[in-house]
Amino acid sequence: MDRKAIYQTIVEHATLSDAHAKDLLKKRGITKEVAETLKLKSTGAYLLKDPAISTMPDEILNTLQYRVGENAAVLIPYLDPDHEIYSLRPHRDYFKGSEAHIYIPYSLFGEDTS
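Let me begin by describing the structure that accompanies this report. (Residues numbered from 1 in each chain as written. Predicted model: local features only at pLDDT ≥ 70, side-chain atom pairs only at ≥ 80, totals over all residues. Heavy atoms only, no water.)

Section: helix α1 (residues 3-13)
Inclusion rule: Categorising residues by exposure relies on relative accessible area from a 1.4 Å probe, with only protein chains included: less than 20% of the type maximum marks a residue as buried, more than 50% marks it as exposed, and the intermediate range marks it as partly exposed. Secondary structure elements follow DSSP: runs of H or I of four or more residues count as helices, runs of E of two or more count as strands, with numbering from the N terminus. Note on definitions: a residue-residue contact is assigned when non-hydrogen atoms from the two residues lie within 4.5 Å.
Three or more residues of α1 are buried, namely Ile6, Tyr7, Thr9, Ile10 and Val11. Packed against the buried residues of α1 are β1 (41-42), α4 (45-48), α5 (51-54), α6 (58-66), β2 (74-79) and β3 (85-90).

Some points on the layout of surface pockets
Put simply, the rule reads: The method works on a 1 Å grid over the protein atoms by themselves. A cavity is a set of points holding a 1.4 Å probe that cannot get out, a pocket is an open set with protein on both sides within 12 Å along at least five of seven lines, and residues with an atom within 4 Å of a point line them. Grid points are joined across faces, edges and corners, and a volume is the space filled by probe spheres set on the points. Asp, Glu, Lys and Arg are counted as charged, while Ala, Val, Leu, Ile, Met, Phe, Trp, Tyr, Cys and Pro are counted as nonpolar; the rest, among them Gly, fall into the polar class.
Estimated volume of the largest pocket: approximately 400 Å³. Leu24, Arg28, Val74, Ile76 and His91 are, among the 19 residues lining the largest pocket, the residues nearest its centre. Within the residue set of the lining of the largest pocket, elements represented by two or more residues are α2 (18-28) and β2. Looking at which element gives the most residues to the lining of the largest pocket, the answer is α2, with five residues. Residues of the lining of the largest pocket, tallied by class, amount to 11 nonpolar, two polar and six charged.

Describing the packing of aromatic side chains
Stated formally: Working definition: a ring pair exists when centres of Phe, Tyr or Trp rings (six-membered ring for Trp) sit within 6.5 Å. Plane angles under 30 degrees give stacked, over 60 give edge-to-face, the rest tilted.
Within this structure, the stated rule accounts for three aromatic pairs. Aromatic pair tyrosine 7 and phenylalanine 95: ring centres 5.9 Å apart, planes at 25°, arrangement stacked. In this pair, tyrosine 7 is assigned in helix α1 and phenylalanine 95 in the loop between β3 and α7 (106-109), connecting sequence segments 88 residues apart. Side by side, tyrosine 7 and phenylalanine 95 carry an identical accessibility label, which is buried.

Concerning the pairing of β3
Selection criterion: Following DSSP output, two strands are said to pair if at least two bridges run between them.
Both β2 and β3 contribute to a ladder of five bridges, which runs antiparallel. Residue pairing for β3: isoleucine 76 is matched across the bridge by arginine 89. Connecting the antiparallel pair β2 and β3 is a turn made up of five residues, with histidine 83 showing a positive phi of about 70°.

If you want it as structure tokens, here you go:
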């Protein structure tokens, strides 16, 4: 499974916790609707119990295992103009072997971000 497929699977199986949804609204003004459009999700122990995720490569599982409980983080998917996920990272973290990308929320702005 390539990285894009891994990231897509994680986002398909993940949810955004109520605590993270409230935090996004309070600190960043991101409503639940915008969070859904941007496909923002939360890490947590629930992901590690999901059969589709529990068999992923170690570099993915190691980051997800660290990001549980009080260390749970918002998962930030990077979407291309077609709304396909090409990268994913936990807030203030990364998956080993992933690259840094500029975050452009095409889902909200479209291709014209000027």
